[in-house]
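# Architecture and fold: a report
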Amino acid sequence: MTRVKGSAAKGRPAAQKLGACMSCHSASGAGQIVLVFQGGGALGAYQAGVYQALHEADIEPDWIIGTSIGAINASLIAGNEVWDRLPALEEFWQRVTDKSFWHAWSGLSQAARSWSYWKTLSTGVAGFFEPNPLAFLGPHVPLGADRAGYYSTAPLETTLRGLVNFPLINRCKPRLTVGAARVRTSQMRYFDGRDIGIGVKHIMASAALPPAFPAVRIDGEIYWDGGILSNTPTELVFDDNPRRSSLIFAVHMWNPTGPEPETIGDILHRQKDIQYSSRIANHIARQLETHHLRHVIGQLVEYLPEAVRASEAVRDLASHGCLTRMHVVRLLAPRVDDENHTKDVDFSPAGIRRRGQFKRAPTLVVQE
């Protein structure tokens, strides 16, 4: 495993770094480019910056996997032609950015972020969600599974229908997969454009984070935000059938490591990072170990006599082997000055702008 920290700050442009990753992958054998996007609310602006850097390096994904805000960003990319993808991302993030007058006073930046936070909680986010008055009648008032949430995501549906070309998504160029949690059974469900027609409800289901947002019903089942069960679904690439050699850009917005918390605010911040980082390093390490064992199986079979290899039992065992190559590039979002546990609802202009600048020296962790 190779770790490169802050190389953008040392003068190496983000697009150049990502281009170098692409060159290494190409040299090891042609395969697919995969983007994996986490959930994280306003932190998703960083994903837009990552895509911009990839686009500037002439790297376009063959497959995008997303949960929550990651599913929204993924749909904006997959649901537009190459030349329209950045404008669609920019339009979405411009719509959801808080436009309150107090952001014009630079001397009140901290106060403005605080005011913006309370405004988001009380009035919602334009083009994304708005308060559901019925939810405030009391926690035991029957609202129906499709409406039980403090906010309505009807504005998000309107936004997505205006910015995303769903018939284009279903051409699978690139392939789109979004994850959602099945409420009744606690099971993860991946809606894959290779197998079904992806529509606006699939994206909204992946982003239906309770209790803020209501569940979304699809084919009689209700679904919540996929990040509840797997916020970083890289395992899909390793378990795909048929499996393909891949260069995986896993974009992580929650910091898996951090300093010791010393205040209640620090604790709330660190707790949220740990919860949503989804045990990133351990998950990827286990997937890579499993993939290595698949290589071992494939190589061991070569040592068997031809007559033994031809038997049905050995062919069945050999089917568990695999000789594909997987390169995982973990892009860790840099910490932003003065951020706290409310960072995922920080839709202030400064917050969106700072997180959307991928060139702010991200940490790259390359695993092979």
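Reference entry: report on the structure contained in this document.

Here is what the cut-offs are and how they apply
- Residues numbered from 1 in each chain as written.
- Predicted model: local features only at pLDDT ≥ 70, side-chain atom pairs only at ≥ 80, totals over all residues.
- Heavy atoms only, no water.
- Salt bridge = Lys/Arg side-chain N within 4 Å of Asp/Glu carboxyl O.
- Helix = DSSP H or I, 4+ residues; strand = E, 2+ residues; numbered from the N terminus.
- Buried < 20%, exposed > 50% of the residue type's maximum accessible area, 1.4 Å probe, protein only.
- Pairing = 2+ DSSP bridges.
- Phe/Tyr/Trp six-rings, centres within 6.5 Å; stacked < 30°, edge-to-face > 60°.
- Lys NZ or Arg CZ within 6 Å of the ring centre and 35° of its normal.

### Considering the pattern of salt bridges
Tallying each qualifying case throughout the model produces 21 salt bridges. Across the pair K119 and D98 runs a salt bridge, and its minimum N-O distance is 2.9 Å. Of the two residues, K119 sits in helix α5 (residues 109–123) while D98 sits in the loop between α4 (82–96) and α5, which places them 21 residues apart along the sequence. A relative accessible area of 30% places K119 in the partly exposed class.

### A word on the pairing of strand β10 (residues 246–252)
On any regular strand, side chains alternate: one points to one face of the sheet, the next to the other face. The element β10 is extensively covered by neighbouring structure, given that 7 of its 7 residues are classed as buried. Residues S246, I248, A250 and H252 line one face of β10 and the alternating positions L247, F249 and V251 line the opposite face, and both faces are buried. Direction of pairing for strand β2 (residues 32–37) relative to β10: parallel, over a ladder of 6 bridges. Of the residues in β10, the one forming a bridge with Q32 is S246. Inspection of the sheet shows β10 paired to strand β11 (residues 326–332) by 7 bridges, in the parallel sense. The partner of H252 across the bridge, within β11, is L332.

### Description of the packing of aromatic side chains
Under the criterion given, the structure shown has 12 aromatic pairs. Ring geometry for F136 against Y150: centres 5.5 Å apart, planes inclined by 45°, an arrangement best described as tilted. Here F136 is found in the loop between β4 (130–131) and β5 (151–152), whereas its partner Y150 is found in the loop between β4 and β5, with 14 residues between them in sequence. You can call F136 exposed: its relative accessible area is 53%. A relative accessible area of 38% means that Y150 is categorised as partly exposed. Its guanidinium or amino end placed over the ring of W63, R175 lies 3.7 Å from that ring's centre, counting from NZ or CZ.

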